[in-house]
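What the coordinates show
Here's the letter readout for the chains.
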Amino acid sequence: MANLIFEQVLNSLQFGVMLFLIASGLTLIFGVMNFVNLAHGSFFMIGAYLAAYIAGATGSFWLGLLGALPATAAIGFLLEWLVFRRLYKKDHMVHVLATFALILIFNDGVRMIWGPQPLPLNMPAAFAGPVMLFGLPYSSFRLLVMAVGILVAIGLYLLINRTRLGMWVRAGSNNLEMVTAMGINIRLLFRLVFSFGLVLAALAGIMLGPLVAVQAGMGDDVLILAFVVVVIGGIGSVPGAAVGALIVGVVDTLGRGLLPQLFALFLSADAAASVGPALGSMMIYLVMIAVLFWRPSGLFPARS
Amino acid sequence: MQRLLLLFFIVLAVLLPVLAQATGMEYYIGVLTRILIFAIVASSLNFILGYGGMVSFGHAVFFGLGAYVTAIASFHGVTSAWIIWLVAALVSALAGLMIGAIALRTRAVYFIMITMALAQLFYYFFVGFRYYGGDDGIQINGRPVIGLGLDISGDNGFYWLVLAWLLVVHVLLARLLKSRFGLALNAMRENERRAQAIGYPTLRYKLAAFVIAAVIAGIAGSLIGMSNLFASPKLLHWSQSGILLVMVALGGVGYFYGGILGAAVFLLLEEILSTHFEYWQIYVGLILLLVVMVAPRGVSSLMTIGKSLKQGEQHGA
């Protein structure tokens, strides 16, 4: 039991860190450009597919990672220029519809290119085995995933708080008109923020690729989780996304992993097997409702 | 003139299955039935979206709930369609009250995201509910009966039943939109603060509209259950809600017949594309993207361009 709890806690942190990568991009794009991007989850998928494709061709996970990130950035850049920049000034309903259309296009697009079967993406050989942590075995790849996520989070913090670009981003989410009036190239800033956010989502997809199936639609449910994170944290707030991601990661993993076992202690095995998983998957939404009840604009409201 | 045109379309709709049979195209009666059912849900969504300004991304929940009510009733041996409709209406009203009460406390993007997340709550509820099929969904043993000497077990009978529901719902919506309630709802969409200042309890009005739309969607859901003889969690998934939004957008947000037109355009598109292409959704996506960028107010806006130019901007999204 101790072993199981230990593993579940680490898994939940690892999942939370990955959720942060996805949600931080989503919240930045919303914060700076006031743009609702449903296709954000698609880039989680595109990243994983590109990495799996390159890794399959070269036999190296690392080359897959290195190749897929700039490729995703390029796709994001192109898409911003083709579609998104024409939509910034329109209302949210239009954003929702256009990006929903993109989800349909991407999901069927990857099926068209790579077929309906999931694509294999193997973890790098050096991280295939377990490591001993406090005397208990744990997957070294999951540990790597966690490390990557934490490093990116620190990098993101420094980028936003310590660099000129970060200053523009902060200023942009605060008062866009003023930033434009100051002579900042807002178009370039938008395109950079967009591509950057999409690359973060792709990175999460690549790192999680070996742990989940790389298949069409893999980003669809992740997108909703990212929305829950963003809503809990406060739309537009990166620190909020960090806290929200940890909450959702922990509640979701522990809810799914431990709740059925917990129910088995005082319910019949049959009832526990029926109620446990359902309630486990519903937990994060219940948490979200609770947060919204007391804090309608999230834990860290970005603007009043 | 308009009344005559309307009458013509209704008569045509009533005669369609007979025409289909006469020309050996019975297959299309099923397609038409599906279109009419989706037209009912899409119109209910259009009611809160186009007239109430609520971009609900969880409308499929009520649709799915209706289907599940049909399935669960049949599972326990209930065969009366009237009882099923009553329960479906009550269940979806309750769910609408719950979701609306939480989501309507927020606005704009929050509303979109929260309706989406709450819908997933219901989706996972049915995925985990193994007793009623869980992930795999649940079969419905035979179509319920409505009595009154009417037979809905055949394709034609069922088509006429769905058509009757479509007409009832649209008469109801038309009256509602012309009533004080409808006008107030419109006012709230255009300027909520002003409506509030005049003294309208905007939250209560919007919640009432949300619940009405939920009930209509629940009825449509019970019909899709009776039509497919199957209910599955997929009916409640957020992507299904997305498709309902797409239908309304294609038809025309805030146009009275937007829901019907949108359902027809979308499902016919699906019908045609899926017979020609294996990966047809990519084309649906491209068409939708084009419509959103070129004619963001849907097919209806194309038809009434001349009129709306004369009358000025009346219908807003």
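Bear in mind that the values here come from a model prediction, so they are computed numbers and not experimental data. (Residues numbered from 1 in each chain as written. Chains lettered and ligands numbered in written order. Predicted model: local features only at pLDDT ≥ 70, side-chain atom pairs only at ≥ 80, totals over all residues.)

Right, let's get into the overall build of chain B. Counting its secondary structure elements, chain B contains 14 helices and two strands. What you see for chain B is a C-alpha radius of gyration of 19 Å, in line with the 20 Å of a compact globule of 317 residues. Its C-alpha atoms put chain B at 55 × 45 × 45 Å along the principal axes. Out of the 317 residues in chain B, the part that is buried amounts to 49%. (Helix = DSSP H or I, 4+ residues; strand = E, 2+ residues; numbered from the N terminus. Rg over C-alpha atoms; globule rule 2.2 N^0.38 Å. Buried ≥ 20, exposed ≤ 12 C-beta atoms within 10 Å, placed from the backbone.)

Helices and strands together make up the secondary structure of chain A, namely 11 helices and two strands. Ordering the α and β elements of chain A from the N terminus gives α-α-α-α-β-β-α-α-α-α-α-α-α. Taking 304 residues into account, the globule formula puts the C-alpha radius of gyration at 19 Å, and chain A, at 20 Å, falls close to it. Referenced to the eigenvectors of the C-alpha coordinate spread, the extents of chain A come out at roughly 65 × 50 × 35 Å. The proportion of buried residues among the 304 residues of chain A is 49%. Considering only contacts in chain A between residues 6 or more positions apart, those separated by 24 or more positions represent 76%. (Contact = placed C-beta atoms within 7 Å.)

As a further point, take helix H3 (residues 60–75) of chain B. Residue and element names in this part refer to chain B. The end-to-end C-alpha separation of H3 is 22 Å, in line with the 22 Å expected for 16 residues at 1.5 Å each. In terms of residue burial, H3 counts as a mostly covered element, since 15 of its 16 residues are buried. Glycine 77, located one to two residues past H3, shows a positive phi value of around 85°. (Expected span 1.5 Å × (residues − 1).)

This next bit is on the environment of A:Ile224. With respect to the helices and strands, the residue A:Ile224 is situated in helix H9 (residues 218–233). Classification of A:Ile224 by C-beta neighbours within 10 Å gives buried; the count is 22. Residues A:Ile224 and A:Gly41, 183 residues apart in the sequence, show an inter-C-alpha distance of 8.5 Å. Not counting residues up to four positions away in its chain, the partners in contact with A:Ile224 are B:Met116, B:Ala117, B:Gln120 and B:Trp238.

Along a regular strand, successive side chains alternate from one face of the sheet to the other. All names here are of chain A. Note: strand E1 (residues 130–133) against strand E2 (residues 136–139), four bridges, orientation antiparallel. Considered in E2, the bridge of valine 131 is made with tyrosine 138. Once E1 ends, the chain turns through two residues before running back antiparallel as E2, passing phenylalanine 134 with a positive phi of about 50°. (Pairing = 2+ DSSP bridges.)

On to the nonpolar core, then. Counting 201 residues, the largest nonpolar core has A:Leu19, A:Ile22, A:Leu97, A:Ala226, A:Val228, A:Val229 and B:Ala117 as the members making the most contacts within it. It is helix H2 (residues 27–51) of chain B that provides the largest number of residues to this core, a total of 15 residues. What A:Ile22 contacts, discounting residues up to four positions off in sequence, is A:His40, A:Phe44, A:Leu200, A:Ala201, A:Ala204, A:Val222 and A:Ala226. (Core = buried A, V, L, I, M, F, W, Y, C linked by C-beta atoms within 7 Å.)

For the rest of this paragraph, the subject is the UniProt feature "transmembrane region" (unreviewed entry) in chain A. Residue and element names in this part refer to chain A. As recorded in UniProt, the feature "transmembrane region" (unreviewed entry) lies at residues 12–31, 38–55, 61–84, 96–114, 141–160, 188–212, 224–251 and 263–294. Structurally, residues 12–31 comprises 100% helix and 0% strand, and the distance from its first C-alpha atom to its last is 27 Å. Helix makes up 84% of residues 188–212 and strand makes up 0%, while its end C-alpha atoms are separated by 35 Å. (UniProt positions renumbered as here; feature names shortened; annotations may be inferred.)

Turning to the environment of A:Pro118, a few remarks are in order. For A:Pro118, the position within the fold is in the loop between helix H4 (92–114) and E1. For A:Pro118, the contacting residues outside a window of four places in its chain are A:Ala213, A:Val214 and A:Gln215.

So, about the interface of chain A and chain B. The interface of chain A with chain B comprises 36 residues on the first partner and 40 residues on the second. Element by element, the count of residues in the side of chain A that touches chain B is highest for H4(A), at 16 residues.

Right, let's get into unusual backbone geometry. Of note in the backbone geometry, A:Asn34 takes a positive phi value of approximately 55° without being a glycine. Tracing the chain through its elements places A:Asn34 in the loop between helix H1 (2–33) and helix H2 (40–58). Classification of A:Asn34 as partly exposed rests on a count of 18 C-beta atoms within 10 Å. Located in the positive-phi region is B:Leu229, a residue other than glycine, with phi close to 55°. One can find B:Leu229 in the loop between helix H9 (202–228) and strand E2 (230–231). For B:Leu229, a count of 14 C-beta atoms within 10 Å gives the class partly exposed.

What follows is about the environment of A:Leu203. Turning to its location among the elements, A:Leu203 is positioned in helix H8 (residues 186–208). Sequence spacing of A:Leu203 and A:Ile22 is 181 residues, and the spatial spacing of their C-alpha atoms is 8.6 Å.

All names here are of chain A. Where H1 contacts helix H5 (residues 140–162), the two axes come as close as 9 Å, and the packing angle between them is 40°. Overall, the two elements H1 and H5 adopt an arrangement that is oblique. Crossing angle aside, the handedness with which H1 passes H5 is left-handed. From H1, Leu10, Asn11, Leu13, Gln14, Val17, Met18, Phe20, Leu21 and Ser24 reach across to H5, where they touch Arg142, Val145, Met146, Gly149, Ile150, Val152, Ala153 and Leu156. Its residues assigned to classes, the contact of H1 with H5 shows 12 nonpolar, four polar and one charged. (Axes fitted to C-alpha atoms, helices over the stretch in contact; angles between N-to-C directions. Parallel < 35°, antiparallel > 145°, perpendicular 65-115°, else oblique. Left-handed = near helix turned anticlockwise from the far one by under 90°. Nonpolar A, V, L, I, M, F, W, Y, C, P; charged D, E, K, R; others polar.)

To continue, consider the packing of H2(A) against H9(A). For any two helices packed against each other, one specifies the inter-axial angle together with the distance between the axes. Residue and element names in this part refer to chain A. Running from N to C, H2 and H9 point in directions that differ by 135°, and their axes come no closer than 7 Å. With respect to H9, the axis of H2 lies oblique. Helix-helix and strand crossings are classified by hand; for H2 and H9 the assignment is right-handed. Between H2 and H9, the contacting residues are His40, Gly41, Ser42, Phe44, Met45 and Ala48 on the first element and Met218, Gly219, Asp220, Val222, Leu223 and Ala226 on the second. Of the residues that constitute the contact of H2 with H9, the class distribution is seven nonpolar, four polar and one charged.

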